[in-house]
Structures are given as C-alpha cells and as structure tokens.
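As a plain string of letters, each chain reads:
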Amino acid sequence: MNRPKITVNCLATNEESWIWYAINSVLEYVDEIIVWSHGSTDMTDSLLSSTKSPKLKYKRTVDANQANFTIYRQQMLDQTDADWLMILDGDEIWPDTNIRKTVKFIYDQGQNYEFLIHPYYNLVGDVFHYQDEAAGKYRIGQHQGHITTRFINLKKISGLHYERGHGQIGLFDQQNTLIQDRKPFEAKFLDLPYMHTTHLHRSSLDYTVSKRPRKFKYEIGTQFPENFAYPSTFYKSVPVSIASPWQRPNFSYWLQSLWQTPIRYLKRRLFESEKHGY
C-alpha cells in the first residue's frame, strides 16, 4: 500500500524573520511545498529562492492586495494533487518530533479522519516565552484554546474551497459547510504543538502589511522549560542575513510588558468569568 502524499500550501507576505525556519522545519517530512510570496517587498523572496529542493515550488505574485488573499489560497489548493493538505503560514515553525509524529499518524491512521487539530505555542517577546492558555479563544469541536486545523484529508471531503476574506478565511465543503462544523465530527486532536510567531516582529516591513502592527504584543509570557526541544531549524545557518531567532527583547519591551501584562491577564479572567457565569 502506497503511503499518502502530503503537500504543503504556504502563502506569505513579508515574513522574512521566520519563513525560512518555517519551510525548513517541515521540508524533510512532506512530499511537496507550494509556496507563494504574495507581493513581498522584504527579504522573503530571497530566502525562498535560496532554498534549493526539488520539493519546493516557489512563485512570486506581484499583487500584494490582501483582498485577493482568498483567491490565491484557492488557486494553490486547485494546484494541489495530494492525499493530504498541510497549511503552513510563514510564522509557524514545527519542532522535529511533533511534525514527524504527525506525519507518521497520517501514514498509519489518517484514512480514518477528515482533518487533524493541533495546539500551538503563541510566542510573546521571544522564542523563550509563550502566552498562557487562557488567551486562546479558538474552538473546534470539544477543544478550545490555542488550537487550529493544519492538516486536511483531501480524499475524504468533497468540493473543498476557501471562503471569507483575509483574517477570517475558512475551508468549506461542497455543501458550503465549514469543515469544522461537518457532521459527524471526524477529526483527531494530536497534542503535538508547533510554534507560532504572529505576536513577534515578522519583518522589517511589518508596517506595510494590513493589520500586522496590531498583532505585535507586549506581554510577559510563560517560559519554556530548560529541556524544551526547540526546532532544529533554529540552529541552522540562514543563507540570507536576518535577525537571529534567539534574540532577546530590549529594555523598552520589558517596560511596556510590565504594565500591559496584568491588564491582559485581568481581561482574560473576566472574559472567562462572564462566559461561565461565575
């Protein structure tokens, strides 16, 4: 029996800080990566073009209009000839063990599920700290928190297509049902988190990307344990000069975080109290 083919779709705009690490964190474990640079004007294109692998299919789109984000997502999906789709954003880096175990699960049991649910570490300040779980508001089935759907079984869901605009985009089936809402619920939660850098600086040109500046967070997060296994891609030499992933925030960041963190924590606890009627 042939093992299922896994193809990655990655659409990125000005992601120079992390996209090389993101791509190289999964490259060894998947069969193909379709990556489009959506009107990037920083070093994203240089980083992508420097990655020499027959698995990587890189394309640059001149248009940077976020209104066309969904259109490009759909075009990438239409070009995907695989059993499983993996969605990878330019700010998502996978620890080796977790991507390896995920792919093995797909090989061994993936035929029984429509999609997989993964948790993620939402980094704040640097790669050494992450947000507390109370900040995670996503709900998929009975699961809630910093979770998302990143692997979809293309052989089990007919008529897959993207709808909604950038920031709210979702995958729908032939009946225009969001895949997370399909009945029966045939998904598997895997406690194999990846690292998400959406709240860190992602480019020297973050200010040029719609909504990007608002995503940066001043927050003192939870520190990873000393024995935490960081993605091996963090230890590799990047072919283009970009900031080290190991950089620490400056003093100004910590000053801002000292007063903003308690406010964020209080809001989260109040939100939880209102939701549960405490």
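To be clear, the structure that these remarks concern was listed above.
Residues numbered from 1 in each chain as written. Predicted model: local features only at pLDDT ≥ 70, side-chain atom pairs only at ≥ 80, totals over all residues. Heavy atoms only, no water.

1. Structural notes on the overall build of the protein chain
In terms of helices and strands, the protein chain carries six helices and 15 strands. Against the globule reference of 19 Å for 278 residues, the protein chain gives a C-alpha radius of gyration of 19 Å, in line with a compact fold. Counting only C-alpha atoms and orienting by the principal axes, one finds that the protein chain spans roughly 55 × 50 × 40 Å. A buried classification covers 55% of the 278 residues belonging to the protein chain. The long-range fraction of contacts in the protein chain, counting pairs at least 24 apart against all pairs at least 6 apart in sequence, stands at 77%. Accessible surface, the protein chain: about 13700 Å² in total, of which carbon and sulfur atoms supply 51%. Between the averaged position of the 33 positive side-chain charges in the protein chain and that of its 30 negative side-chain charges there is a distance of 1 Å. (Helix = DSSP H or I, 4+ residues; strand = E, 2+ residues; numbered from the N terminus. Rg over C-alpha atoms; globule rule 2.2 N^0.38 Å. Buried < 20%, exposed > 50% of the residue type's maximum accessible area, 1.4 Å probe, protein only. Contact = heavy atoms within 4.5 Å. Areas by Shrake-Rupley, 256 points an atom, 1.4 Å probe, with all protein chains shown as cover. Lys, Arg positive; Asp, Glu negative; His and termini not counted. Charge placed at Lys NZ, Arg CZ, Asp CG, Glu CD.)

2. Some words on unusual backbone geometry
The omega torsion across lysine 183 and proline 184 is -5°, close enough to zero to call that bond cis. For asparagine 14, which is not glycine, the phi torsion reads 50° and is therefore positive. Even without being a glycine, lysine 211 presents a positive backbone phi close to 70°.

3. Things to note about the pattern of salt bridges
Considering all chains together, one arrives at 19 salt bridges under this definition. Measuring nitrogen to oxygen at the nearest pair gives 2.6 Å for the salt bridge that ties aspartate 108 to lysine 104. Placement of the pair is aspartate 108 and lysine 104 together in helix α4 (residues 96–109), with a separation of four residues, close to one helical turn. A residue is classified by how much of its surface remains accessible, and aspartate 108, at 43% relative accessible area, is partly exposed. Of the charged contacts, one joins arginine 264 and glutamate 219 as a salt bridge, the two residues approaching to 4.0 Å between their closest N and O atoms. Placement of arginine 264 in helix α6 (residues 251–276) and of glutamate 219 in the loop between α5 (212–215) and β15 (222–223) is noted, with a sequence separation of 45 residues between them. One connected set of salt bridges, linked through shared partners, spans Glu15, Asp91, Arg202, Asp206 and Arg212. (Salt bridge = Lys/Arg side-chain N within 4 Å of Asp/Glu carboxyl O.)

4. A closer look at α4
For an α-helix, 3.6 residues make a turn, and residues three or four places apart therefore share a direction. With 14 residues, α4 ought to run about 20 Å at 1.5 Å a step, and its terminal C-alpha atoms sit 20 Å apart, in line with that. Of all the positions in α4, only Asp96, Asn98, Ile99, Thr102, Val103, Phe105 and Ile106 are classed as buried. Contacts made by the buried residues of α4 are with β1 (6–12), α1 (19–26), β4 (84–87), β6 (115–122), β10 (147–153) and β13 (187–189). (Expected span 1.5 Å × (residues − 1).)

5. A word on the nonpolar core
Ile23, Ile33, Met86 and Phe151 are the most contacted members of the largest nonpolar core, which has 46 residues in total. Residue contributions to this core peak at six residues, all from α1. Excluding residues that lie within four positions of it along the chain, isoleucine 33 makes contacts with Val8, Ile23, Val26, Leu27, Lys55, Leu56 and Lys57. (Core = buried A, V, L, I, M, F, W, Y, C linked by side-chain atoms within 4.5 Å.)

6. Digging into the side chain of threonine 44
Inspection of the secondary structure assignment puts threonine 44 in helix α2 (residues 44–49). Among residues more than four places away in sequence, those in contact with threonine 44 are Asn14, Glu15, Glu16, Ile19 and Ser37.

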